[in-house]
Amino acid sequence: MRSVYSDLENGGGSIKVRMANVGASFTYVAPSLPSSSGGPNKQIFGGWRNQVPTLYDSTTIDWNEVQSDIVETQPHSGAEAPPMLIYLPGLDGLGISATAQFDDLASTFELWRMTVDKSTAQPSFSQLVSTVVKFVKDSTNNADAETPREVILVGESFGGLLTCAVAMALKNVKSNKFSLKGMTLVNPATSFDETNWEQFVPLLTSLRYLESQEDIVDSSGNFNFVNELPTPYSVLGGMALAATIPDGNQFSSILEFILGTAKLSTNEQMLAASADGFRLLAEYLPASVLETRVLQWLPVGTSVVNNVERLTKLDVPTLVIAGNDDNMLPTKEEANRLGKLLPDCVKMEVSGAGHFVLDARVNLTEVLIDSHIDPLDIQKNSPPYDPVRDWKLPPDDVVRAVVEKRVNPTKKRASPVFFSTDATGQRRLGLSLVPTNDRPLLIVGNHQLFGQDLGMIISQLLEDRNIVARGLAHPTVAEGLLRGEQEVRTQRRRYEFGEDVRFEGDLFQMFGAVKVSPRNFFRLLQTSQTALLFPGGVKEALHGKGDDYKLFWPEKTDFVRIAAKFNATIVPLSAIGAADSADIVADANELLNLPFGIGENLSNFSKSTVSASFDAKDDDETFIPPLAVPKPFPARHYFLFGRSFDTTLLDPNNKDECQRIYRGVKNEVEEGIDALLSARKDDPYALDGVKRSSYQRLFGKDPPTFPLSSLPKS
């Protein structure tokens, strides 16, 4: 790890510009060859580390010469220059936590990374701001006024605070040579004034007085490697940093990063490497330097930046990347605050991430390209995203993670059993008889209580038949429940899944769900996709007492007519188990009659909820979940895919024939429900969760179910 620090400080780029009198430098990182980009462990083996910089002094530099050198390193030298991206580091002054991002950033942008020397007298916060502003002005001074250079600022932690101040200063610079395209704040220290670090850091840095000067530096002022024991400051400081890491996986990866370049074969070598890791804090962020930066940079910076009037006028496209579990700063709350104050701000929360968010779980280049900053003008020059046509299934590893963390625990408790039916009405265990062809597929079923079985249905179709079933979600699920609150615009990574994701609508949309509407339904079938439709909607999913497995389908035959228009195959789906897994204490009607204004508030909430029916008013649909208590063990879930209906020869304009098919589909679902309810009486594990769980623990698999003969033909 020491070698990585050394490369950050002295190399790690092809051009290095030393700024006068402040101990700060800017290093240009040239694009690396794919073979030298370090693979999965870019922090240790990134291609940026192989570059040896040519040194320039800011007072004598010829920027025309520098730009010529930069052009030669770009893969497409004749193309228009990419945006300039300037990375501003945290308090370490080096950017150790962002090293995994450098290769990808350099391949897309003209990447410059700032470093601040630890050995010289520390500059003030205002000097740092002036230094970055000067670098931007000098490096773009030779740009064509008709095509000014686009500049993007990326600041991490303290660098996020500095970025805001620099952006405020650049907005006051009148220049036709550059334009501030946007800024990205990664766990920004703009919330420093909401923490206790200003009180804790002096206590930590005072530990340096327990050490003699000879223990720390030699006669030449270099760090002393003779004393192999880490100092009290480095040990406690390292422990304090470790305490801010919320994630065991991230802690392991950081430990691997610290020890990864060492060949450890004995306990002594492991201990020595660990001690060396602790000493790095004292070597690269000495106590006196940390004290100066915390007590002078951060308070001054927050007083400058956290002026509400200044923030509300900072109309720069801004992306705030927030680790949801940042234990060093209140970043989650800060992202919301900045999102409401900054005129053009979007936040992106990273589930399970702490303060060191730019590890392997985040590809910053990809995030920037997808952001509203639109650094490469891809969105500007492309049609808007079409959720029906442009959506793609997440990568296999994301699918596996979601199934493992979200679906499998439910399947383990519910022990689901799936059946399918052929054209003659014969049943079979499994989904092998569910039709797949080149025509669109429409799966129509009953909505179970709270829709808690959707994950099992979608994952089983995908696993057994490679059928990607796209749900039609209620507007409340598709858009969220917080329409009445002041929202902060949110960006999500292309494929994000974390165990703490609480809003299931995010997962539904990740797996292809679209807002239910005639147009979306029409276009799903028009593009030969598989649609999953529950005509009973909210009335079934939030049903009341005594309405278990009862269908509440409208009389309209719209879904049959649209299916016939595109020759879709309609597959009825019957499902049971959810209603037997909870006891409804009070349903919607009873809740609406509650005293003390409770019922009235619920009624107002329901009326304000957007209806799923395009031709119904919002207050025509009662959106009030029943008050239900889950049973200790859920009932076994059963799914029956019934006899399919071919609409190839069906005229969508023939109302009588469409009505006949509609009744046939509805009857197939109802008969399937009745058949499952009857057949499960022959399954001793159907309603006995304790017995079912005992079997699973004993044999390591789900128990058998009722014999297929218990299920009548369709």
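Residues numbered from 1 in each chain as written. Predicted model: local features only at pLDDT ≥ 70, side-chain atom pairs only at ≥ 80, totals over all residues. Heavy atoms only, no water.

A few points about the pairing of strand S13 (residues 469–473)
Most of S13 is tucked away: five of the five residues are buried. By the alternation rule, side chains of S13 split into Ala469, Gly471 and Ala473 and Arg470 and Leu472, which are all buried. Of the pairings in the sheet, the one linking S13 to strand S15 (residues 530–533) comprises three bridges and is parallel in character. Considered in S15, the bridge of Gly471 is made with Leu532. (Buried < 20%, exposed > 50% of the residue type's maximum accessible area, 1.4 Å probe, protein only. Helix = DSSP H or I, 4+ residues; strand = E, 2+ residues; numbered from the N terminus. Pairing = 2+ DSSP bridges.)

Some remarks on the packing of helix H20 (residues 518–526) against helix H22 (residues 558–565)
Their axes nearest at 9 Å, the elements H20 and H22 cross at an angle of 30°. Relative to H22, the element H20 is oriented roughly parallel. Where H20 crosses over H22, the two elements pack in a sense that is right-handed. When H20 is examined against H22, the residues Phe521, Phe522 and Leu525 are found in contact with a partner set consisting of Phe559, Ile562, Ala563 and Lys565. Looking at the contact of H20 with H22 residue by residue, the classes come out as six nonpolar, no polar and one charged. (Axes fitted to C-alpha atoms, helices over the stretch in contact; angles between N-to-C directions. Parallel < 35°, antiparallel > 145°, perpendicular 65-115°, else oblique. Left-handed = near helix turned anticlockwise from the far one by under 90°. Contact = heavy atoms within 4.5 Å. Nonpolar A, V, L, I, M, F, W, Y, C, P; charged D, E, K, R; others polar.)

Section: the nonpolar core
Judged by nonpolar contacts, the single largest core of 69 residues is most densely connected at Ile86, Trp112, Met114, Leu153, Phe158, Leu162 and Tyr233. Examining the composition of this core, we find that nine residues originate from one element, helix H6 (residues 158–171), more than from any other. One finds Tyr549, Phe559, Val560 and Leu650 within the second-largest nonpolar core, a separate group that totals 42 residues. (Core = buried A, V, L, I, M, F, W, Y, C linked by side-chain atoms within 4.5 Å.)

Brief notes about helix H7 (residues 197–205)
Buried within H7 we find Val201, Leu204 and Thr205. Taken down its axis, H7 places every buried residue within 85° of arc, on the same side. (Arc of directions from axis to C-beta.)

Some details on the confidence of the model for the chain
On average, the chain scores 86 in pLDDT, and the residues at 70 or more come to 84%. Counted against residues more than four places away or in other chains, residues 481–486, with its pLDDT under 50, gives seven contacts. Across residues 614–618 the pLDDT falls below 50, and counting only partners more than four positions away or on other chains, this stretch makes ten contacts in the model. (pLDDT = per-residue confidence, 0-100.)

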